[in-house]
Amino acid sequence: MPDDLSNDEAWMRYAIRLAQRAEARGEVPVGALIVKNEKCIAEGWNDSIASHDPTAHAEIVALRNAGKIIENYRLIDTTLYVTLEPCVMCMGAISHARIKRLVFGAFDPKRGAVCHALSLTDAPFLNHRVEWAGGVLETECGDLLRDFFRARR
């Protein structure tokens, strides 16, 4: 997929719709999808509460689904879109899966492992470098999270 902002925004709008599915189920509204050759091959949204699984973040769910679909744990030449900067667990999985490119919406200054709390895209101990772009539809993605947590308080 070209590194075209309009394509990134279109895919991020899809990820936002997935995040809304999570929210409708009482989960933190984060959505993710994986694109290969300009087609969505897998999607996911946060499912930790319903599945009783602390690893069921949107990114992990999408990675698992993509691996099953292409029958390979290496997701070469794919782009992962997610509405929130990934955490350390998700960044580890993204690197191990060999995701080529990561695009996220809202930054996570406290727990983000792309460019905030940690910068795992540049970590010398990882043998795969993930290209990344952050802040795509940042306001929309951030508002979804802020509104969700505001309603819970």
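Rules used throughout
Residues numbered from 1 in each chain as written. Predicted model: local features only at pLDDT ≥ 70, side-chain atom pairs only at ≥ 80, totals over all residues. Heavy atoms only, no water. Helix = DSSP H or I, 4+ residues; strand = E, 2+ residues; numbered from the N terminus. Expected span 1.5 Å × (residues − 1). Buried < 20%, exposed > 50% of the residue type's maximum accessible area, 1.4 Å probe, protein only. Arc of directions from axis to C-beta. Phe/Tyr/Trp six-rings, centres within 6.5 Å; stacked < 30°, edge-to-face > 60°. Pairing = 2+ DSSP bridges. Right-handed = clockwise from strand over helix to strand, strands pointing away. Salt bridge = Lys/Arg side-chain N within 4 Å of Asp/Glu carboxyl O. Core = buried A, V, L, I, M, F, W, Y, C linked by side-chain atoms within 4.5 Å. Contact = heavy atoms within 4.5 Å. Polar contact = N/O pair within 3.5 Å; in protein donor to acceptor, adjacent residues only side chain to side chain.

1. What about helix 5 (residues 138-152)?
Between its first and last C-alpha atoms helix 5 spans 21 Å; for 15 residues at 1.5 Å apiece the expected length is 21 Å, and the two agree. If you check which residues of helix 5 are buried, you get Cys141, Gly142, Leu144, Leu145 and Phe148. End-on view of helix 5: buried residues confined to an arc of 155°, all on one side of the axis. Across helix 5 from its buried face, at more than 90 degrees, point the exposed residues Thr139, Arg150 and Ala151.

2. Notes on the packing of aromatic side chains
The final tally for this structure, using the stated rule, is five aromatic pairs. Linked through ring pairs, Trp11, Tyr14 and Tyr81 together constitute an aromatic cluster.

3. Quick notes on the environment of glutamine 20
If you trace the backbone, glutamine 20 turns up in helix 1 (residues 5-24). Distance in space between the C-alpha atoms of glutamine 20 and threonine 139 is 15 Å, their sequence separation being 119 residues.

4. Things to note about the pairing of strand 3 (residues 79-84)
In terms of residue burial, strand 3 counts as a mostly covered element, since six of its six residues are buried. In the sheet, strand 1 (residues 31-36) pairs with strand 3 via four bridges, with the strands oriented antiparallel. If you follow isoleucine 34 over to strand 3, its bridge partner there is leucine 80. Pairing geometry for strand 3 and strand 4 (residues 101-106), over five bridges, is parallel. Pairing of leucine 84 across the sheet is with alanine 106, part of strand 4. The β-α-β motif built from strand 3, the intervening helix 4 (residues 88-96) and the parallel element strand 4 has right-handed crossover chirality.

5. Re the pattern of salt bridges
Across all of its chains, the model carries six salt bridges by this definition. The partner of aspartate 53 in a salt bridge is arginine 64, with the nearest N and O atoms 3.5 Å apart. Within this pair, whereas aspartate 53 is found in the loop between helix 2 (48-51) and helix 3 (58-70), its partner arginine 64 is found in helix 3, the two being separated by eleven residues in sequence. Classification of arginine 64 as partly exposed rests on a relative accessible area of 40%. In this structure, the salt-bridge partner of arginine 146 is aspartate 143, at a minimum N-O distance of 2.8 Å. Note that arginine 146 and aspartate 143 are positioned in helix 5 at a spacing of three residues, about one turn of the helix. Judged by its relative accessible area of 31%, aspartate 143 falls in the partly exposed class.

6. Structural notes on the nonpolar core
Judged by nonpolar contacts, the single largest core of 46 residues is most densely connected at Met12, Ile34, Leu63, Leu80, Ile94, Ile99 and Leu102. With seven residues, helix 1 is the largest single contributor of residues to this core. In contact with leucine 80, other than residues within four places in its own chain, are Leu33, Ile34, Glu59, Leu63, Ile94, Ile99, Arg101, Leu102 and Val103.

7. Observations regarding helix 3
Three or four residues apart is the spacing at which side chains of an α-helix point the same way, because the helix has 3.6 residues per turn. Here helix 3 is 13 residues long and its end C-alpha atoms lie 18 Å apart, about the 18 Å a rise of 1.5 Å per residue gives. Within helix 3, burial applies to Ala58, Glu59, Ile60, Val61, Ala62, Leu63, Ala66 and Gly67.

8. Quick look at the environment of histidine 128
Among the structural elements, histidine 128 can be located in the loop between strand 4 and strand 5 (131-133). Counting along the chain gives 28 residues from histidine 128 to lysine 100, while the straight-line C-alpha distance between them is 8.9 Å. The contact partners of histidine 128, leaving out residues within four places of it in the chain, are Ser95, Arg98 and Ile99. Within the structure, the side chain of histidine 128 is placed 2.8 Å from the backbone oxygen of isoleucine 99, a separation counted as a polar contact.

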